[in-house]
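Residue-level structural notes
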Amino acid sequence: MARPIVEINGVNKIYGSNHVVKDLNLVVEEGEFLTLLGSSGCGKTTTLRMIAGFEEPTSGSIKVEGEAIEEKEPFERNVNTVFQSYALFPHKTIYDNIAYGLKMKKVPKDEIKKRVHEMMELVQLEGFEKRYPSQLSGGQKQRVAIARALINRPRVLLLDEPLGALDLKLRKQMQLELKRLQKKLNITFIYVTHDQEEALTMSDRIAIMNAGVLDQVAAPTEIYEHPATKFVATFIGETNIFDGSIRSINGESLSIQIENGDVKATGSEFAAGEFINVSVRPEKMKYALDPVEGFTLIATVKDYVYVGSVVKCIAVLPNGNELKIERLAGQPLPQLGEQIFPYWNEKDVVVIHNRDQIFYQAVDNVVLG
Amino acid sequence: MKKHQWRANTLPSLVTVGPVTLWLLFFVAVPLIYVGVMSFCSLDQYYNVTFQFTLDNYKRLFDVNYIKIYGQSVLIAFLTTIICILVAYPFSFLIARTKSKKKMILYMLVIIPFWTNSLIRIYGWKTFLGTTGWLNTALQFLHITSEPLELLFHRGTTVLGMVYCLFPFMVLPLYTAIEKLDGSLLEASADLGAKGFSTFFEVILPLTASGIFSGSIMVFIPALGYFFVADILGGGNSDVIGNLIERQFQSGNNWPLGAALSIILILITLLLVKIYQKLGGDMESLGV
């Protein structure tokens, strides 16, 4: 295991009656690209701002390179930030913006010049020295913001939804560039975003936050294939979630009762009678025209959604919940109005402990109709 | 022109632009022309204005005694502006950047006096500072001084009154400029290693300079003309250009000379605004 560079221990942040970050524990390793992912208001930006030193934790401690930082001012830390709105100084040229950090550290002029030019080359902005931020495009401003933060050679770079204001195509391009930069410079990146695809593309590890609580920290594939909570399962990618309870256990094989009937799955560490969630990815959802052993679900095909390379089929269960089945375009799907028997391979689905102890909550499936 | 065209185009424009045009015509253009014409008129032996062209009024403006007063007026206006900046900047910063509820109270503290007649407020200062005024009474009561201090009728007292009257004109543009300041820029500055002092001079001050600039214009120009402040608090010891004009129209009964002085003041104003604009000042923040 690599050396830890940022250690967050039992951090809470409370604004008045608003508990924004709840008992957060997280270790960021040196040189990794860690993404804080969550919907807006989940506390991810607050967490980032606490690491940056702009906010103080209400309780708990944050260490960077083994040193507690609560006592230090932002300018004393080896951490730099790329702001969501770029926060470029509008009255300074691109050169002066990038040189700012070095100027503050009273680095000799010759060296500033050399390092600014290095940085501008790194982010491919040569020739823009004398322009002002207002004369640049969004993507260029973004590069300036990154260069300005990186010139201080921080150990940790914090990025607060840095690509949020860019259009899709540019965002994709910048994602790859950021990843390339991070690997090249071997700097730890802590990246905040609400875009799950961005998180999956760029991160070494993803930390998913939900309402101030850290639900899971793991590599993208692990998060996608083995979500630890119902929130993670629904937030990352599309899924069919069923609330249910365990009827009986036979080795690893679980017989599960859900509102619409019985289904099967595999898993260990479960007890009979326990409330659980089953997450079935749309591409893993199968169907038959005759009943399948162990499954008693029946659904009626209601709609098709064409999404370019894939086609989604929406089927309705007796209780009104919708089921998504996804196939590559051209592969067979049932007819509209046809009655089908959905099932899946036991090993293709994930069973999750239901923390909320809620059975039959009929709001989980995204309504696409 | 056809009737429907008149209805469609001319009538709406007359209704919308008409009143403003009339207002500007009768309350700005006509008086200005009147003053302009007056400044070239002469007086007859009975001090009646006659329409006889002369440049004498303008020649008299170069009288040494007048030039001294111009200098004094510029000095007073300059001091007033500087003091206003120094006092209003921290104050505006406080009310613009604080999130607390006191913000509105502080803001109202500036605005409410602003709505009150300034003549009354200046008389208030006279009462407060006079030899038998509150301040002297209090100082003697507390045995800080043994006899009343002559606080009135100094150049400093005039400056004090000017600062007091014109303070809101400095606060308002400063407040606007400081409030517009993006907080993330200050965080970025700190993040990049700047201490508070550097952040102020590198980021805050340059980005709020426009507010200082328009505030200065809005304080300096009226300070040249606020004759009643110089009259009441300065007691004739610290006349400004406004006093000269007032005197020609009132006791001096020399309207053409007063008009010439007015024209000069208008030209100075225009010149300052022009410089302001040339230097990149924002005309909207002057309310133009």
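The residue numbering used here restarts from 1 in each chain and proceeds along that chain's sequence as written. To read the labels, note that chains go from A and ligands from 1, taken in the order they are written. Two thresholds apply to this predicted model, a pLDDT of at least 70 for residue-level local features and 80 or more for giving and counting side-chain atom pairs, whereas whole-chain, interface and lining totals are computed over all residues.

1. A short note on the overall build of chain B
Assigned secondary structure in chain B consists of twelve helices and two strands. What counts as a helix is a DSSP run of H or I of at least four residues, what counts as a strand is a run of E of at least two, and both are numbered from the N terminus. The secondary structure elements of chain B, listed N-terminal to C-terminal, are α-β-β-α-α-α-α-α-α-α-α-α-α-α. Taken over the C-alpha trace, chain B has a radius of gyration of 24 Å; the compact-globule value for 288 residues is 19 Å, which it surpasses by more than 25%. Reported as C-alpha extents along the three principal axes, the dimensions of chain B are approximately 75 × 70 × 30 Å. Buried, partly exposed and exposed are defined by the number of other C-beta atoms within 10 Å of a residue's own C-beta, namely 20 or more, between the two limits, and 12 or fewer respectively, with C-beta atoms placed from the backbone. Within chain B, the fraction of its 288 residues that count as buried is 31%. For this measure, only C-alpha atoms enter the radius of gyration; the expected value for a globule follows 2.2 Å times N^0.38, where N is the number of residues.

2. Section: the overall build of chain A
Broken down by element type, chain A carries eight helices and 20 strands. Counting all 369 residues of chain A, 40% fall into the buried class. We call two residues in contact when their backbone-placed C-beta atoms lie within 7 Å. Sequence-distant contacts, at least 24 apart, represent 65% of the contacts inside chain A between residues at least 6 apart.

3. Thoughts on the sheet that holds strand S11 (residues 240-250) of chain A
Residues and elements named next belong to chain A. In this scheme, strands are said to pair when DSSP sees at least two bridges between them. Strand order in this open sheet of five strands is S13-S12-S11-S14-S20, and the pairing throughout is antiparallel. Taken across any chain shown, the strands that pair with only one partner, and hence form the sheet edges, are strand S13 (261-266) and strand S20 (350-353). This sheet shows a mean twist of 45° between the axes of neighbouring strands, independent of strand direction. As paired elements, S11 and strand S14 (residues 275-280) share six bridges and run antiparallel to each other. Counterpart to Ile 241 in the pairing with S14 is Ser 279. For every element, the axis is a line fit to its C-alpha atoms; helices are fit only across the contacting stretch, and the angle between N-to-C directions ranges from 0 to 180 degrees.

4. Section: helix H11 (residues 241-249) of chain B
Residue and element names in this part refer to chain B. Among the nine residues in H11, seven count as buried, and that is most of the element. Inspection of H11 places Ile 241, Gly 242, Asn 243, Leu 244, Ile 245, Glu 246 and Gln 248 among the buried residues, and these make up the whole buried set. Elements in contact with the buried residues of H11: helix H3 (64-97), helix H9 (196-225), helix H10 (227-232) and helix H12 (255-278).

5. Here we look at the nonpolar core
The term nonpolar core refers to a group of buried residues, namely Ala, Val, Leu, Ile, Met, Phe, Trp, Tyr and Cys, whose C-beta atoms join them within 7 Å. Among the nonpolar cores identified, the biggest contains 107 residues, and Ile 190 and Ala 207 of chain A are the most heavily contacted of them. No other element matches the six residues that helix H4 (residues 138-150) of chain A contributes to this core. In this structure, Ile 190 of chain A is in contact with Val 6, Val 28, Leu 34, Leu 36, Leu 48, Ile 51, Val 156 and Leu 158 of chain A, ignoring residues within four places of it in sequence. In this structure, Ile 76, Cys 165, Met 170 and Val 171 of chain B belong to the second largest nonpolar core, which totals 48 residues.

6. Digging into the UniProt feature "transmembrane region" (unreviewed entry) in chain B
All names here are of chain B. UniProt positions are given in the numbering used here, feature names are shortened, and annotations may be inferred rather than shown by experiment. Mapped onto this numbering, the UniProt entry annotates "transmembrane region" (unreviewed entry) at residues 12-37, 69-92, 104-124, 159-178, 199-229 and 255-273. Secondary structure over residues 12-37 splits into 100% helix and 0% strand, and the C-alpha atoms at its two ends are 35 Å apart. Summarising residues 69-92: 100% helix, 0% strand, and an end-to-end C-alpha distance of 33 Å.

7. Here we look at the interface of chain B and chain A
Where interface size is quoted, it is often the accessible area lost as the parts come together. Contacts between chain B and chain A engage 15 residues on the former and 17 residues on the latter. Taken together, the elements giving at least two residues each to the side of chain B that touches chain A come down to helix H8 (183-191) and H9 of chain B. Sort the elements by how many residues they give to the side of chain B that touches chain A and H8 of chain B lands first, with six residues. Note that Gly is not counted as nonpolar here; it falls among the polar residues with everything else outside the nonpolar set of Ala, Val, Leu, Ile, Met, Phe, Trp, Tyr, Cys and Pro and the charged set of Asp, Glu, Lys and Arg. Tallied by class, the residues present in the side of chain B that touches chain A amount to eight nonpolar, three polar and four charged.

8. Examining the packing of helix H2 (residues 94-104) of chain A against H4 of chain A
Residue and element names in this part refer to chain A. For the pair H2 and H4, the least separation of the axes is 7 Å and the interaxial angle reads 30°. It follows from the interaxial angle that H2 and H4 lie roughly parallel. Contacts from Ile 94, Asn 97, Ile 98, Tyr 100 and Gly 101 of H2 reach H4 at Val 144, Ala 147 and Arg 148. Looking at the contact of H2 with H4 residue by residue, the class counts come to five nonpolar, two polar and one charged. Under this scheme an angle from 65 to 115 degrees is roughly perpendicular, one under 35 degrees roughly parallel, and one over 145 degrees roughly antiparallel; angles in between are oblique.

9. Some remarks on the pairing of strand S16 (residues 299-307) of chain A
Residue and element names in this part refer to chain A. Pairing of S16 with strand S19 (residues 339-343) involves two bridges; the strand directions are antiparallel. Directly across from Thr 300, in S19, lies its bridge partner Gln 339. When S16 meets strand S17 (residues 310-316), the two strands line up antiparallel, connected through seven bridges. When the bridges of S17 are listed, Val 305 appears paired with Lys 312. Here S16 folds back onto S17, and the loop between the two strands holds two residues, one of which, Gly 308, carries a positive phi near 75°.

10. Brief notes about the sheet that holds strand S5 (residues 67-68) of chain A
All names here are of chain A. Spatial strand order, S2-S1-S4-S5: four strands in an open sheet with antiparallel pairing. The sheet is open, and its two borders are formed by strand S2 (18-29) and S5, each paired with just one other strand. As judged from the two bridges shared by strand S4 (residues 59-64) and S5, these two strands associate in the antiparallel manner. Directly across from Lys 63, in S5, lies its bridge partner Ala 68.

11. Re the UniProt feature "domain: ABC transmembrane type-1" (unreviewed entry) in chain B
The UniProt feature table records "domain: ABC transmembrane type-1" (unreviewed entry) at residues 70-276 of chain B. Across residues 70-276 of chain B, helical content stands at 79% and strand content at 0%; the span's end C-alpha atoms are separated by 21 Å.

12. Let's talk about unusual backbone geometry
Residues and elements named next belong to chain A. For Glu 65, which is not glycine, the phi dihedral falls at a positive 50°. Along the chain, the position of Glu 65 falls in the loop between S4 and S5. Here Glu 65 falls in the partly exposed class, since 16 other C-beta atoms lie within 10 Å of it. The phi dihedral of Ala 87 is positive, around 50°, even though this residue is not glycine. Among the secondary structure elements, Ala 87 is positioned in the loop between strand S6 (79-82) and H2. Judged by local crowding, Ala 87 falls into the buried class, with 25 C-beta atoms found within 10 Å.

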